[in-house]
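So the chains spell out like this:
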Amino acid sequence: RVRDAAEHVMKMHPMWQGPLAIPGGDRQSPIDIVVRKSIFDSELKPLVSVYDPNTCQQIWNNGYSFLVEYDDTTDKSTLKGGPLQDNFRLCQFHFHWGESNAWGSEHTLDRRLFPAELHLVHWNSDKYSLFEEAVMEDNGLAVIGVFLKVGKRHEGLQKLVDALPAIRHKGSVVEFTRFDPACLLPSNINDYWTYHGSLTTPPLTESVTWIIMKHHIEVSHDQLAVFRSLLFTSAEEDVQKSMVNNFRVQQPLCGRAVRSSFS
Ligand SMILES: CCCCNCc1ccc(S(N)(=O)=O)cc1
Ligand SMILES: [Zn+2]
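The structure presented is a predicted model; accordingly, all values stated were derived computationally and were not measured.

Rules used in this analysis
Residues numbered from 1 in each chain as written. Chains lettered and ligands numbered in written order. Predicted model: local features only at pLDDT ≥ 70, side-chain atom pairs only at ≥ 80, totals over all residues. Heavy atoms only, no water. Core = buried A, V, L, I, M, F, W, Y, C linked by side-chain atoms within 4.5 Å. Buried < 20%, exposed > 50% of the residue type's maximum accessible area, 1.4 Å probe, protein only. Helix = DSSP H or I, 4+ residues; strand = E, 2+ residues; numbered from the N terminus. Contact = heavy atoms within 4.5 Å. Phe/Tyr/Trp six-rings, centres within 6.5 Å; stacked < 30°, edge-to-face > 60°. 1 Å grid on protein atoms, 1.4 Å probe; cavity = no way out; pocket = protein on both sides within 12 Å on 5 of 7 lines; lining within 4 Å. Points joined across faces, edges and corners; volume = space filled by probe spheres on them. Nonpolar A, V, L, I, M, F, W, Y, C, P; charged D, E, K, R; others polar.

### Some details on the nonpolar core
- Counting 44 residues, the largest nonpolar core has Phe66, Phe93, Phe95, Ile144, Leu160 and Phe227 as its most contacted members.
- Per-element tally for this core: the top contributor is strand S7 (residues 88-97), with 5 residues.
- Excluding anything up to four places from it in sequence, Phe93 contacts Phe66, Leu67, Val68, Tyr70, Leu118, His119, Leu120, Leu160, Phe179, Pro181 and Leu184.
- Of all hydrophobic cores here, the second largest spans 21 residues; its members include Ile33, Phe114, Val143 and Phe147.

In structure tokens:
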């Protein structure tokens, strides 16, 4: 019932009227991860993330979510290992959340919805020279997904929460520096599921190696409430719309394998 409500909200949302999937797309995201059908792959290596907080540049409201953007002109904040053959550069992270704590995540675990989901977006800097190039290629992107649960206050997140009122409207941007995204990862990053999928917002390109963390992080109810104080709309628009339910409806698996790094 909760999921149906979430899906209804999603389908009705102005953000998603229009072409929802790439015609013929057979590796779209997000998906439900059926845990018992995931396949343990002992060849999956530990993930190695090296993030330099000094590459953090700005935080802005792009009308879908809010993004924290990193300088990706050098290999200072990188991800490798796990299912990845190449070196990937962090370019941004953002979140998806609901209007209530009952839903908000894009991926689900055995249909379990979480109130929000963090995406850390990286592009293949061994093969491409710009995110915009990599976004079009099969092995172009790697996105780490982390589920959020409501519980104790997340001290590391608070610096970001405090910056949100300054970017309430679509198109607003403020300087945001010295933020270490590693503080948003769960303690254990070696337990994850991985599958080949797509971006979950336009251009929906099928260029993503998804790495979904088994362990979640906790944020407080009040911290999540500040996410919901953001607006989809720009300051000039007459009708202001709360930025909530910015998740995509789930997509068919189309026979894809979901591998796990743990048994
Ligand atoms: C070419 C410019 C595209 C900007 N937006 C990219 C983008 C969209 C969705 C995701 S997600 N939600 O799949 O992680 C990441 C990055
Ligand atoms: Zn996302």
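Having seen the structure, we can now continue with the description.
### Looking at the packing of aromatic side chains
- Within the structure shown, the criterion is met by 11 aromatic pairs.
- Judged by centre distance (5.1 Å) and plane angle (80°), the ring pair of Phe66 and Phe227 falls under edge-to-face. A residue pair is termed long-range when its members are at least 10 positions apart, and Phe66 in strand S5 (residues 66-70) and Phe227 in helix H4 (residues 221-227) qualify at 161 residues. There is no split in this pair, since Phe66 and Phe227 are both buried.
- Ring geometry for Phe114 and Phe147: centres 4.2 Å apart, planes at 15°, overall stacked. Placement of Phe114 in the loop between strand S8 (108-109) and strand S9 (116-124) and of Phe147 in strand S10 (residues 141-150) is noted, with a sequence separation of 33 residues between them. As far as burial versus exposure is concerned, Phe114 and Phe147 are alike and both buried.
- Aromatic rings pair up to connect Phe66, Tyr70, Phe93, Phe95, Trp97, Phe176, Phe179 and Phe227 into one cluster.

### A look at the layout of surface pockets
- The calculated volume of the largest pocket comes to roughly 560 Å³.
- Forming the walls of the largest pocket are 29 residues, and the residues nearest its centre are Leu67, Gln92, His94, Val121 and Phe131.
- Counting residues per element, the ones that place at least two in the lining of the largest pocket are strand S4 (56-61), S5, S7, S9 and helix H2 (131-134).
- The greatest single-element share of the lining of the largest pocket, amounting to 4 residues, is contributed by S7.
- Class assignment of the residues belonging to the lining of the largest pocket gives a composition of 15 nonpolar, 11 polar and 3 charged.

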